[in-house]
Every structure is written in C-alpha cells, then in structure tokens.
Amino acid sequence: MTGTLYTADHRVFQLPPLLRWRVLHTGTVPCDSFSVTFVYQKEMAPVLGLAAGFAAEENGQVMLRAVVDAYTVDLNAGGLTATVSGRGYAARLLDNESRPVTYQQATLAEILQNHAEPYGITCGEIAEVRPASAYTVAAGSSQWKALESFCRACGGFVPRFSREGELLASPEREGRTLSIGEGDP
C-alpha cells in the first residue's frame with residue numbers, strides 16, 4: 001500500500017514506504033478511518049504540519065481518500081517514525097453543524113447543495129427524491145444528520161461514501177456476482 005499526503009497549501013507529498021497501516025471502511029457513520037506509520041525524514045516537518053488530506057492506494061486502486069486529523073513523530077528502539085491518522089470525507093459533514101431550517105418542497109439536489117457541497121463534498125450519484133411534506137432540520141444537527149435524515153425519510157435509503165471520497169446519495173444497487181474457479185488463489 002502507498003500513501004499520499006495533500007497539504008493545506010495544495011502540495012502533494014508521496015509518503016515513504018509504509019511500515020504499518022490500518023484502513024477501516026464503514027461507508028457511513030462512524031466514518032471511514034485510517035492510520036499509517038512510516039520512517040520519518042526531517043524534510044517532512046513542514047508537510048506534516050500542513051497535512052489536510054490523505055489517499056491510500058494499492059495496485060493503482062484507491063483504497064481511501066480521507067481528511068488528516070492528527071500526526072505524531074515518535075522515537076523508540078525501532079527508530080524515528082511518523083504516524084498520520086484521520087477519517088473519511090463523511091467527517092467533514094459530521095464535524096459541521098447545520099442551522100435550523102425548514103424546506104417546503106426540497107429536492108435531494110437542493111439538500112446536497114446546502115448541506116454537503118459547501119464542505120467540498122462531490123456527489124457521484126443523486127437519487128430523484130422529493131418529500132411529500134415539509135422537511136425540517138433541527139438546531140444542533142450535523143450536516144450529515146440533515147442529509148441522512150432526508151434520504152431515510154424521503155427515499156428510504158442511507159447515503160454513503162465511496163472509497164474515492166464521493167458521496168453516493170442513492171439506494172445501493174444489488175451486489176455483484178463473483179465466480180471463483182480452480183485457477184483463483
């Protein structure tokens with residue numbers, strides 16, 4: 001697995017080979033999370049201080065795009081290492097509170113425009129959902145709660161995030177069929 005850091009000033013930094021990693025996929029709440037450890041190099045100090053985003057890839061496939069929450073630099077018997085950890089893009093919506101609002105005839109696209117897009121969330125799928133009556137977001141609700149409650153109440157599904165960090169605001173499709181043969185490990 002390889003790791004890439006994205007800084008708040010829009011620089012991209014390829015991490016050295018990872019010594020340890022943990023990537024947890026949930027798709028919704030609690031959100032995806034990650035932790036990676038690698039050998040620390042002194043030129044990493046300014047990069048780690050500005051780290052805002054992270055991407056994990058394996059064999060050219062994105063395993064997770066996430067927000068960096070914290071980093072540590074540790075000196076122990078194994079040497080000088082750095083650990084970066086964080087959460088998936090759902091954290092952007094979980095960490096931000098919505099103002100109370102009542103929608104009369106909102107569409108899911110309008111809910112996304114008001115409760116997801118301002119936080120840099122892109123949407124890969126949007127269902128055609130419209131409530132039968134007014135929809136109210138209570139004071140103190142997170143942006144995620146505002147979106148999730150709308151999707152549950154009006155569409156009967158829970159939105160989720162892809163590994164690439166796109167919001168999928170539509171019902172899940174049926175699973176796929178996998179065939180395992182003699183030549184498969």
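You'll find the structure just up there.
First, a word on what this report is: a plain description of the structure on this page. Quantities reported herein were computed from a predicted structural model and do not represent experimental measurements. (Residues numbered from 1 in each chain as written. Predicted model: local features only at pLDDT ≥ 70, side-chain atom pairs only at ≥ 80, totals over all residues. Heavy atoms only, no water.)

## Regarding the overall build of the chain
Now for step 1: Per the secondary structure count, the chain includes 4 helices and 12 strands.
Now for step 2: Expressed as lengths along the three principal axes of its C-alpha atoms, the size of the chain is roughly 60 × 50 × 25 Å.
Now for step 3: Taking all 185 residues of the chain together, the buried fraction comes to 42%.
Now for step 4: Intrachain contacts of the chain at a sequence separation of at least 6 include 57% that bridge at least 24 residues.
Now for step 5: Of the accessible surface of the chain, which amounts to about 10,500 Å², a share of 50% is contributed by carbon and sulfur atoms.
Now for step 6: Each charge class in the chain can be summarised by its mean position, and for the 15 positive and 20 negative side chains these summaries are 4 Å apart. (Helix = DSSP H or I, 4+ residues; strand = E, 2+ residues; numbered from the N terminus. Buried < 20%, exposed > 50% of the residue type's maximum accessible area, 1.4 Å probe, protein only. Contact = heavy atoms within 4.5 Å. Areas by Shrake-Rupley, 256 points an atom, 1.4 Å probe, with all protein chains shown as cover. Lys, Arg positive; Asp, Glu negative; His and termini not counted. Charge placed at Lys NZ, Arg CZ, Asp CG, Glu CD.)

## Some remarks on the packing of helix 3 (residues 108-115) against helix 4 (residues 143-155)
Now for step 1: At a minimum axis separation of 10 Å, helix 3 and helix 4 run at an interaxial angle of 175°. Compared by their axis directions, helix 3 and helix 4 come out roughly antiparallel. Packed against helix 3, whose contacting residues are L108, I111, L112, N114 and H115, the element helix 4 presents Q143, A146, L147, F150 and C151 at the interface.
Now for step 2: The residue makeup of the contact of helix 3 with helix 4, split by class, is 7 nonpolar, 3 polar and no charged. (Axes fitted to C-alpha atoms, helices over the stretch in contact; angles between N-to-C directions. Parallel < 35°, antiparallel > 145°, perpendicular 65-115°, else oblique. Nonpolar A, V, L, I, M, F, W, Y, C, P; charged D, E, K, R; others polar.)

## Digging into a nonpolar patch on the surface
Now for step 1: On the surface, Y71, V73, L75 and L80 cluster together into a nonpolar patch covering about 380 Å² of accessible area.
Now for step 2: The dominant element in the nonpolar patch, judged by the number of residues it contributes, is strand 6 (residues 61-76), at 3 residues.
Now for step 3: Residue placement: Y71 occurs in strand 6. (Patch = residues over 30% accessible without salt bridge, like charges linked within 9 Å, V, L, I, M, F, W, Y side chains within 5 Å. Salt bridge = Lys/Arg side-chain N within 4 Å of Asp/Glu carboxyl O.)

## Points about the layout of surface pockets
Now for step 1: If you add up the space inside the largest pocket, you get close to 160 Å³.
Now for step 2: Lining the largest pocket, in full, are E125, R160, F161, S162, L168, E172 and R173.
Now for step 3: Within the lining of the largest pocket, the residues separate by chemical class into 2 nonpolar, 1 polar and 4 charged. (1 Å grid on protein atoms, 1.4 Å probe; cavity = no way out; pocket = protein on both sides within 12 Å on 5 of 7 lines; lining within 4 Å. Points joined across faces, edges and corners; volume = space filled by probe spheres on them.)

## Side note on the packing of aromatic side chains
Now for step 1: Tallying each qualifying case throughout the model produces 3 aromatic pairs.
Now for step 2: Residues F34 and F54 carry aromatic rings whose centres are separated by 4.1 Å and whose planes lie at 5° to one another, so their mutual orientation is stacked. Of this pair, F34 sits in strand 4 (residues 33-39) while F54 sits in strand 5 (residues 51-58), and the two are 20 residues apart along the sequence.
Now for step 3: Accessibility expressed as a relative area gives 0% for F34, which makes it buried.
Now for step 4: Residue class for F54 comes out buried when judged on its relative accessible area of 1%. (Phe/Tyr/Trp six-rings, centres within 6.5 Å; stacked < 30°, edge-to-face > 60°.)

Function-wise, these values are silent; they only describe arrangement.
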